Amino acid sequence: MRLKESSPFGGQTRTRVLVALSLLESSYARELARLLAAPFSGVRKAILGLERDGLVSGRLVGRTRVVQLNPTYFAGKELKAYLARLAEADIQLRQAVGQ
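It should be emphasised that the depicted structure is a prediction, and the values quoted were computed from it without experimental measurement.

(A) Up close: the nonpolar core. Val 17, Leu 18, Leu 32, Val 43 and Leu 83 are the most contacted members of the largest nonpolar core, which totals 27 residues. Examining the composition of this core, we find that six residues originate from one element, helix H1 (residues 12–24), more than from any other.

Set out below in structure tokens:
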């Protein structure tokens, strides 16, 4: 199964943002858009939805909003394990982030 065909979190962009954050630990929307080869507006919308759902959390660093997987998410351990499995299927993303 290729990750591009899978969207268990409601959409491909949402899923790929979560997988990228699991590999990077933290990032910002423009960097994620570049790594995912996706439109910035779509990545930003995915991040806002994931924040609203409690899967990611963000903080301001200067003028940049940095996001990460929410460390207080109730199923954080299970989420990270699942995202690691999804990352195995996305060789292109792992290469883009240098893993």
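Let's pick the thread back up.
(B) Main features of the side chain of Arg 14. Note on placement: Arg 14 falls in helix H1. Judged by relative accessible area, which is 18%, Arg 14 ranks as buried. A distance of 2.6 Å separates the side chain of Arg 14 from the backbone oxygen of Phe 9, its partner in a polar contact. Apart from the residues lying within four places of it in its own chain, the contact partners of Arg 14 are Phe 9, Ala 46, Gly 49, Leu 50, Asp 53 and Leu 55.

(C) Broad picture of the pairing of strand S2 (residues 56–61). Here S2 runs beside strand S3 (residues 64–69); their pairing, made up of six bridges, is antiparallel. Bridged to Gly 58 within S3 is Val 67. Connecting S2 to the antiparallel partner S3 that follows it, the hairpin turn spans two residues, and Gly 62 within it adopts a positive phi of roughly 70 degrees.

(D) Quick peek at the environment of Arg 16. Tracing the backbone shows Arg 16 in helix H1. Overall, Arg 16 belongs to the buried group, its relative accessible area being 9%. Sequence separation of Arg 16 and Gly 54 is 38 residues, and the distance between their C-alpha atoms is 16 Å.

Criteria and thresholds
- Residues numbered from 1 in each chain as written.
- Predicted model: local features only at pLDDT ≥ 70, side-chain atom pairs only at ≥ 80, totals over all residues.
- Heavy atoms only, no water.
- Core = buried A, V, L, I, M, F, W, Y, C linked by side-chain atoms within 4.5 Å.
- Buried < 20%, exposed > 50% of the residue type's maximum accessible area, 1.4 Å probe, protein only.
- Helix = DSSP H or I, 4+ residues; strand = E, 2+ residues; numbered from the N terminus.
- Polar contact = N/O pair within 3.5 Å; in protein donor to acceptor, adjacent residues only side chain to side chain.
- Contact = heavy atoms within 4.5 Å.
- Pairing = 2+ DSSP bridges.

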